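Fold and geometry: a report
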Amino acid sequence: MDNLDMKILSRLLNNCRESDRQIGKELGLSGGAVRVRIKKMQKSGVIEKFIVKIEPPTLGHGVLYFVVSGENIQEILEQVSLVGEPYIVVPCVGGVTVCGIAIKENLEQKIDLAKKLMKDLRVLSIFEAENSIFNSNLTKTDLEILEELIKEPRQKIEKTAKKTNLSTKTVTRCIEKLHDNEGFQFTLVYDPTKIEDYIPHAVLTWIDGDLKKTLENLNNTFSESYLQIPFIAKNQIVLFLYSDSIFKMDELTQKVRTSKNVKSADLFIPKKISFYTNWVKKSIEESKKSPKLHLTYQTN
């Protein structure tokens, strides 16, 4: 892995449907050279698979994030499944695991329930994702196209149109609609342990002040080290960064901590990243049965 590989990986993490040619144009490479590097990362196991990442609120679910002490994934899944559907689980260096669960209703009650049920785990933190209203306004046609894209996120528009028996114009319009919605992201799953010479890491910040202005400030300062675009959850901003040494990683983290409006910042170094899709399949199936043509989701 070199810095160009990391930049290609970063672009694919933020939009895996971006063409090899467009990525190459931005980085000063040919499309063919980009393709070779992507294949190399797939062969080495750095890139595990391309996915459509769907934020639970976009399909009518709330989402809770837990930071727990422990790495027994099976035990953690058994515990969180009592509250909701597993969404993402990330064991990190130091014996800490971050996990997210999709919850259909009664979010506040589920937070209290989670604290009681997860007695066998040491819960370090629980926080709720941004609870603003999501208006996806998806149609049943959108859901059919989304189902196909979930299977193969980078497939050509013509192939998607053929498999769904829809026009390329309809598919194109749907993909543009998904791109414009922050609840959907065409991305990938990577294996942090296979990335040599670089350390992917996340810094979870707690913000005391204007969230938008703080994010702009962080973007201006740290964007060159971004592996992915930041994630916002209420009064938290999660920065996804990469460094070429533990010392630079520590330096970046300390710099984040001293940034304006940052109350505190915790460093996480992922060892594995797992996404779970059962809740997505169930939600899509339920939505397709709805008598409505347009399906508008909202969560409070």
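Please read these numbers as outputs of a predicted model, since none were measured by experiment. (Residues numbered from 1 in each chain as written. Predicted model: local features only at pLDDT ≥ 70, side-chain atom pairs only at ≥ 80, totals over all residues. Heavy atoms only, no water.)

1. Remarks on the overall build of the protein
Looking only at helices and strands, one finds 11 helices and 13 strands in the protein. Sorting the 300 residues of the protein into buried and exposed places 49% on the buried side. A total of about 15300 Å² of accessible surface is found on the protein, and carbon and sulfur atoms cover 49% of it. (Helix = DSSP H or I, 4+ residues; strand = E, 2+ residues; numbered from the N terminus. Buried < 20%, exposed > 50% of the residue type's maximum accessible area, 1.4 Å probe, protein only. Areas by Shrake-Rupley, 256 points an atom, 1.4 Å probe, with all protein chains shown as cover.)

2. Brief notes about the confidence of the model for the protein
When the pLDDT values of the protein are averaged, the result is 88; 87% of them are 70 or greater. Here strand 13 (residues 294-295) stands out as the least confident element of the protein, with mean pLDDT 60; helix 3 (residues 31-44) is the most confident, with 97. (pLDDT = per-residue confidence, 0-100.)

3. Some points on the nonpolar core
In terms of nonpolar packing, the biggest core is built from 53 residues, with Leu9, Leu12, Ile47, Ile54, Leu178 and Leu188 touching the most fellow members. Residue contacts for Leu188: discarding those within four places in its chain leaves Leu9, Leu12, Leu13, Ile47, Lys49, Phe50 and Ile51. Val203, Phe222, Ile237 and Val256 belong to the second largest nonpolar core, which has 13 residues in total. (Core = buried A, V, L, I, M, F, W, Y, C linked by side-chain atoms within 4.5 Å. Contact = heavy atoms within 4.5 Å.)

4. Remarks on the pattern of salt bridges
Counted under the stated rule, the structure contains 14 salt bridges. Between Lys177 and Asp142 there is a salt bridge; the shortest N-O distance is 2.6 Å. Residue Lys177 is located in helix 8 (residues 168-180), and its partner Asp142 is located in helix 6 (residues 140-151); the two are separated by 35 residues in the primary sequence. Judged by its relative accessible area of 29%, Lys177 falls in the partly exposed class. Here Glu148 ties to Lys163 by a salt bridge, and the two come within 3.8 Å at their closest N and O atoms. Residue Glu148 is found in helix 6, and its partner Lys163 is found in helix 7 (residues 157-164); the two are separated by 15 residues along the sequence. On the basis of relative accessible area, Lys163 is assigned to the partly exposed category, the value being 46%. One connected set of salt bridges, linked through shared partners, spans Asp2, Asp5, Arg37 and Lys40. (Salt bridge = Lys/Arg side-chain N within 4 Å of Asp/Glu carboxyl O.)

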